[in-house]
Amino acid sequence: MSLTLDEARTRAGVLSSVSYSLDLDLTGPETFRSHTRVRFRSTVAETFLDLKGALAVSLVVNGEAVEVAYDGRRVGLTGLSTGLSDGAVNEVEVTATIPYTTDGDGMHTFTDPVDGSRYVSAYLGMDNASKVFACFDQNDLKASFAVAVTADPADTVLANGAVVSHDAGRWVFAATPPIPPALLVVAAGPWHSVRWTYALDSGESLDFGWHARRSLADELDRDADELRRTSEACFVHYADLIDEPYPFDSYDQVFVPGLNWGAQEMPGCVTYRDELLPRGAITDTQRAIRAVIIAHEMSHMWFGDSMTMTWWEDTWLQESFADYMGYRVAEAGAGFSDLRVEVEVGSKPWGYRSDARSSTHPVAPLAVDVPDVDTAATIFDGISYAKGGACLVQLAFWLGDEEFMAGVNRHLTRFRFANATLADFVESLAASSPKDVRGWVDAWLRRPGFDTVSVRRDGDVPVLEREGSRPHAFTVAGYDSSLGLVERKRIELGAEPVPLPEFAGLVVVPNAGGETFAALRLDPGSWEVLSGGLSRIEDPLVRAVLWSATALRVRSRDLSADDYLDLVETHLPADTRADIIEGVLAETRSVVIPQRVPASRAAGAVARVAAASAAGLAASADDEQRALAWAAALAATSADAELLRSWLDADKVGVGIPLLPTARWAAIVRLASLGEADARFIATERDRDGTAEGDLGALRALAARPSTSAKDAAWEAMLAPGVDNRRFGALASGMWIAEQAHLLRPYVTAYLAEAPALATRGQAFAIEVGRAFPRIALDEGQLDALRTALAGDVPTILRRSWEDHFDDRE
Ligand SMILES: [Zn+2]
């Protein structure tokens, strides 16, 4: 049961002028001490503070110790002073003892197997601030936070504000500007740090820092120059783009263990999952995606942290903007080129998939459709990120960038350190453009689903048509029969068909620049030429658009999985871009095969991916990036145990191509799934690796073995009380192997029976339990069992995940 919209509205209506002093003692082994002093005005005598899972709570209201009314999630407040006089400011103190967590929500602890170092970090977001301190845990009761932390004297403590003082494990941080409680962060541990001071144009300076676990010091040092360069370049670009100055007093970025999200936009101190600092080497695609995430999180300093949504229906106001800005600024500011290719193959397919499901929702839903925070946790999805970001690409293209940015800037300035809604944004935007902004918003942000742009022929003249209801602006490309580019043109498409006489006789690709968000239906002649020569199209963005459009056709059963696999085998090995190869392989392995290939034919489909990967690897001798992409895929799909063992022995893939640690574990997991790696072999590999990643790899490999005893052991470990989020995820990903559908039947049943109870542990863990859904083809009986389970009592977040899995397979 999470905070509801009604409760939040009521409380926001009666409270004001909130500020906090927070004192955390992280030196306890099992629990930490949390002391909150909150000051606020109230127009009512009674309200409540949120505080989840505390073991012992004491309460002082306006100087008097009072008996605490605490039900495990809320502290009741009574006898408050009301009114506006100076004497009416309430001061409440709550002291609580709270257990650490291992599921990535709340005060998360992690002990590094490499050196025994312990890290303790508050991972908040949603309404998880109340897992760390007593607060009014909602976005529209923003407050200044003055934070002090007591930690192990050997630790460094990072938090939102700049350090004011630290001495013998006692750290005091500068008070923040008004922020939501859920954006607070504290990260304590023996961090390895790279710090520098950046001179601002204003003459002032800003302290930057990158931090990682001590055992990742080599990796951080390896990437430090690039991380610094990217951070500074993005910062400078935002200073050009955004009128409001940077809102906070420092900018730390920390690679933390066990984070549930890719990263979190905590003001002045961003956290990243530390898998973004990979061991061995980092590939170009990983570098580019990491730069996008850096730019994404930095945009949140304005979009979300300074200007914050009022309630969760406007999640898009921060996530869609951050998605859009992340790609834009990493490319234009930090110099990572061709990122629109990654958008097409890596991001938009997620948006289309989400938008094709019955659970889809408008980018900007109504508040009443997000009645509580648990429901809010379900809309951090492909709609709020990928589709919302794509809509903003379309908006900027349709409106013109100058008008778009003028509206955005007006909005950010109006709502500096405040809360805003869709209506506020529309008002800001409409003041910057004579176009029908309200109509556009209604068509694109208020309606779920997407249009189809189709091409028909009138004689040999292509005619573009729209099925749907949205205005589109995009580029059309025309090719000759050998796929040489002849013509490109910007067009606008509405209800009226658009004939293109100048493209007569040409092969036509609408949305060639990826500007709009729509399914494509090509005319048969164009499809025949394009599908025959996909890898020969020179522009990688056009290839990416076509791969993405084709995957969508597989989803809508307009194209068979076999036909898609034909394209993969025929064209992907010849593609020159690692990002396209990785994106298409991910779609094939995690979407097309489990969702569109029956279990009896899964092995054949995996073998086709392996064949394509072997061909791709052979064709990539001159390009290490492509070779690494293909090697990772072959490691995970090959049935050639001898080949995989030879890679492990040499710790490389043929001449000059290293076997990166993640690919090495993929190969071990694969060998295990083939029955070619026993527990002793896996233990040897784990010891050889010696890191947390090695522990997880070994768990995954043990779970992948094709025996009932291995599956029993994995399943039991997933059910262990207090299992941490990463171990749970690793076990689940080892458990479900496409070719083991028959062996896995009892565990599908067990999963459907046990998951609802597992999902009550917390929002993020519920998402993890949803992700642990069987990644194999389900037969009719199993789909019936899922339908029956859905008719029962399933927690909100898991229900959404299950409905989506059901939808994906129907
Ligand atoms: Zn974000």
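Preceding block: the structure.
Just so you know, these numbers come straight off a predicted model, no measurement behind them. (Residues numbered from 1 in each chain as written. Predicted model: local features only at pLDDT ≥ 70, side-chain atom pairs only at ≥ 80, totals over all residues. Heavy atoms only, no water.)

K.L.:
In this structure, what is going on with the overall build of the protein chain? I would like to understand it.
P.N.:
Summing up its helical and strand segments, the protein chain has 26 helices and 28 strands in all. Computed over C-alpha atoms, the radius of gyration of the protein chain comes to 27 Å, within 12% of the 28 Å expected from 2.2 N^0.38 for 810 residues, which places it in the range of a compact globule. Each principal axis of the C-alpha atoms in the protein chain carries an extent, and together these give about 85 × 70 × 55 Å. Within the protein chain, the fraction of its 810 residues that count as buried is 61%. Look at the contacts in the protein chain between residues 6 or more apart in sequence, and 70% of them connect residues 24 or more apart. Summed over all atoms, the accessible surface of the protein chain reaches about 29,100 Å², with 51% contributed by carbon and sulfur. (Helix = DSSP H or I, 4+ residues; strand = E, 2+ residues; numbered from the N terminus. Rg over C-alpha atoms; globule rule 2.2 N^0.38 Å. Buried < 20%, exposed > 50% of the residue type's maximum accessible area, 1.4 Å probe, protein only. Contact = heavy atoms within 4.5 Å. Areas by Shrake-Rupley, 256 points an atom, 1.4 Å probe, with all protein chains shown as cover.)

K.L.:
Could you clarify how one ought to interpret the sheet that holds strand 10 (residues 144-150) in this entry?
P.N.:
One open sheet accounts for 8 strands, arranged 5-4-7-2-1-10-13-12; its pairing is mixed. What marks the edges here is a single partner per strand, and that holds for strand 5 (64-66) and strand 12 (163-167). Ignoring strand direction, the axes of neighbouring strands in this sheet form an average angle of 15 degrees. Relative to strand 13 (residues 170-173), strand 12 runs antiparallel, the two sharing 4 bridges. Along strand 13, the bridge assignment pairs V163 with F173. Seen against the sheet, helix 1 (residues 5-14) touches strand 1 (15-25) and strand 2 (31-42) and runs at an angle of roughly 105 degrees to strand 1. (Pairing = 2+ DSSP bridges. Axes fitted to C-alpha atoms, helices over the stretch in contact; angles between N-to-C directions.)

K.L.:
Sorry if this is basic, but what is going on with the sheet that holds strand 17 (residues 251-256) here?
P.N.:
Consider a sheet: its strands pair through backbone hydrogen bonds, and that pairing is either parallel or antiparallel. Across the sheet, 5 strands lie side by side as 15-16-17-19-18; this open sheet has mixed pairing. Whereas interior strands pair on both sides, the edge strands pair on one side only; in this sheet they are strand 15 (192-199) and strand 18 (263-264). In the sheet, strand 15 pairs with strand 16 (residues 205-212) via 8 bridges, with the strands oriented antiparallel. Following the sheet pairing, H192 is matched in strand 16 by A212. Of the strands in this sheet, strand 15, strand 16 and strand 17 touch helix 2 (residues 217-241), which is tilted by about 25 degrees from strand 15.

K.L.:
Would you take a moment to explain the coordination of the zinc ion for this structure?
P.N.:
Protein-derived ligands of the zinc ion are H296 (NE2), H300 (NE2) and E319 (OE), with the metal-ligand distances lying across 2.0 to 2.1 Å. Each donor residue of the zinc ion belongs to the same chain, and together they define the spacing H-x3-H-x18-E. Taken together, the residues H300 in helix 3 (residues 284-300) and E319 in helix 4 (residues 316-332) connect sequence positions 19 residues apart. Among the residues examined, H300 registers a relative accessible area of 1% and is labelled buried. Its relative accessible area of 3% is what places E319 among the buried residues. (Donors = N, O, S within 2.8 Å, 3.2 Å for Na, K, Ca; no water.)

K.L.:
Would you mind going over the environment of T285 with me for this structure?
P.N.:
The topology assignment puts T285 in helix 3. A residue is classified by how much of its surface remains accessible, and T285, at 11% relative accessible area, is buried. The residues contacting T285, other than those within four sequence positions of it, are E342, A578, D579 and E582. For T285, the side chain forms a polar contact with the side chain of E582, separated by 2.7 Å. (Polar contact = N/O pair within 3.5 Å; in protein donor to acceptor, adjacent residues only side chain to side chain.)

K.L.:
How should the packing of helix 20 (residues 692-704) against helix 22 (residues 725-735) be read in this particular structure?
P.N.:
Relative placement of two packed helices is described by the angle separating their axes and the distance separating the axes. The contact between helix 20 and helix 22 brings their axes to 7 Å, and the two run at 35 degrees. For the crossing formed where helix 20 meets helix 22, the hand is right-handed. Every residue of helix 22 that contacts helix 20 at L696, L699, R700, A703 and A704 is listed here: R726, R727, A730, L731, S733, G734 and M735. Grouping the constituent residues of the contact of helix 20 with helix 22 by class yields 7 nonpolar, 2 polar and 3 charged. (Left-handed = near helix turned anticlockwise from the far one by under 90°. Nonpolar A, V, L, I, M, F, W, Y, C, P; charged D, E, K, R; others polar.)

K.L.:
Can you help me understand the packing of helix 13 (residues 561-571) against helix 14 (residues 578-596) in this one?
P.N.:
Two elements in contact, helix 13 and helix 14, have axes whose closest approach is 11 Å; the angle formed by their N-to-C orientations is 160 degrees. Judged by the inter-axis angle, helix 13 sits roughly antiparallel to helix 14. The handedness of the crossing between helix 13 and helix 14 is left-handed. Taken together, the residues of helix 14 that come into contact with helix 13 (itself represented by A561, Y564, L565 and V568) are V584, E587, T588, V592 and R596. Split into classes, the residues belonging to the contact of helix 13 with helix 14 amount to 6 nonpolar, 1 polar and 2 charged. (Parallel < 35°, antiparallel > 145°, perpendicular 65-115°, else oblique.)

K.L.:
Just to check I follow, could you spell out unusual backbone geometry for this structure?
P.N.:
For residues besides glycine, phi is generally negative; the peptide bonds are generally trans as well. The residue N62 is not glycine, and still its phi comes out positive at about 45 degrees. Overall, N62 belongs to the partly exposed group, its relative accessible area being 32%. For F417, which is not a glycine, the phi torsion comes out positive at approximately 55 degrees. With respect to the element layout, F417 can be found in the loop between helix 8 (401-414) and strand 21 (418-420).

K.L.:
Sorry if this is basic, but what is going on with the nonpolar core here?
P.N.:
In globular proteins that are soluble, nonpolar side chains generally tend to be buried together. In terms of nonpolar packing, the biggest core is built from 139 residues, with L26, L77, V92, F136 and F404 touching the most fellow members. With 9 residues, the top contributor of residues to this core is helix 7 (residues 383-399). Those residues in contact with F404, other than ones at most four positions away along the chain, are F321, Y324, R328, L392, L395, A396, L399 and L429. Grouped together as the second largest cluster of nonpolar side chains are 88 residues, A629, A635, V669 and A704 included. (Core = buried A, V, L, I, M, F, W, Y, C linked by side-chain atoms within 4.5 Å.)

K.L.:
Which parts of the structure should I look at to understand the packing of aromatic side chains?
P.N.:
Think of a pair of aromatic rings as described by two things: how far the centres are apart, and how the planes are tilted against each other in angle. For the structure on display, the rule yields 41 aromatic pairs. Considering the side-chain rings of F248 and F417, the 6.1 Å spacing of their centres and the 70 degrees angle between planes classify their relative orientation as edge-to-face. Taken as a pair, F248 in the loop between helix 2 and strand 17 and F417 in the loop between helix 8 and strand 21 lie far apart in primary sequence, 169 residues in all. Relative accessible area serves as the criterion here: at 17%, F417 is assigned to the buried category. Ring centres 5.8 Å apart and planes at 90 degrees place the aromatic pair Y751 and F773 in the edge-to-face group. (Phe/Tyr/Trp six-rings, centres within 6.5 Å; stacked < 30°, edge-to-face > 60°.)

K.L.:
I would appreciate a short explanation of the pattern of salt bridges in the present structure.
P.N.:
If the charged atoms of two oppositely charged side chains come close together, the side chains can form a pair. This model, assessed by the stated rule, comprises 60 salt bridges. Here R74 makes a salt bridge to E7, at a shortest N to O gap of 2.7 Å. With a gap of 67 residues between them, R74 in strand 6 (residues 74-77) and E7 in helix 1 connect regions that are remote in the sequence. Taking the relative accessible area as the measure of exposure, E7 reaches 22% and is therefore partly exposed. Across the salt bridge formed by D355 and K387, the nearest N and O atoms sit 3.0 Å from each other. In this pair, D355 is assigned in helix 5 (residues 339-356) and K387 in helix 7, connecting sequence segments 32 residues apart. Of the two residues examined, D355 and K387, each falls in the buried class. Salt bridges linked by common partners bring R222, D223, E226, D284, R287 and R290 together as one network. (Salt bridge = Lys/Arg side-chain N within 4 Å of Asp/Glu carboxyl O.)

K.L.:
Before we go on, may I ask you to explain helix 17 (residues 641-650) in this structure?
P.N.:
Owing to its 3.6 residues per turn, the α-helix brings residues three or four apart onto one side. Where helix 17 is concerned, the buried positions are A641, L644, W647 and L648. Seen from one end, helix 17 has its buried residues packed into an arc of 125 degrees, which puts them on one side. Opposite the packed face of helix 17, turned more than 90 degrees from it, sit the exposed residues E642 and D649. Residues of helix 17 that are buried sit in contact with helix 15 (602-618), helix 16 (624-637), helix 18 (661-673) and helix 19 (679-689). Immediately beyond the C-terminal end of helix 17, within one or two residues, lies D651, with a positive phi of roughly 55 degrees. (Arc of directions from axis to C-beta.)

K.L.:
Is there a simple way to think about helix 7 in this case?
P.N.:
Across the 17 residues of helix 7, 16 count as buried, placing the element largely inside the fold. G400 sits one or two residues past helix 7 and shows a positive phi near 100 degrees.

K.L.:
Where do I start with the pairing of strand 25 (residues 485-493) in this structure?
P.N.:
Regular strands have side chains that alternate between both faces of the sheet. Pairing geometry for strand 24 (residues 472-479) and strand 25, over 8 bridges, is antiparallel. In the sheet register, A473 faces strand 25, and the bridge partner there is E492. Taking the residues between adjacent antiparallel strands as the criterion, strand 24 and strand 25 are bridged by 5 residues, where L483 takes a positive phi near 65 degrees.

K.L.:
What is the right way to look at the environment of L643 in this model?
P.N.:
Inspection of the secondary structure assignment puts L643 in helix 17. Residue class for L643 comes out partly exposed when judged on its relative accessible area of 26%. Put simply, L643 and D50 are 593 residues apart on the chain and 56 Å apart in space, counted from C-alpha to C-alpha. The contact partners of L643, leaving out residues within four places of it in the chain, are L634 and S638.

In short, the description is geometric, and any link to function would need to be established separately.
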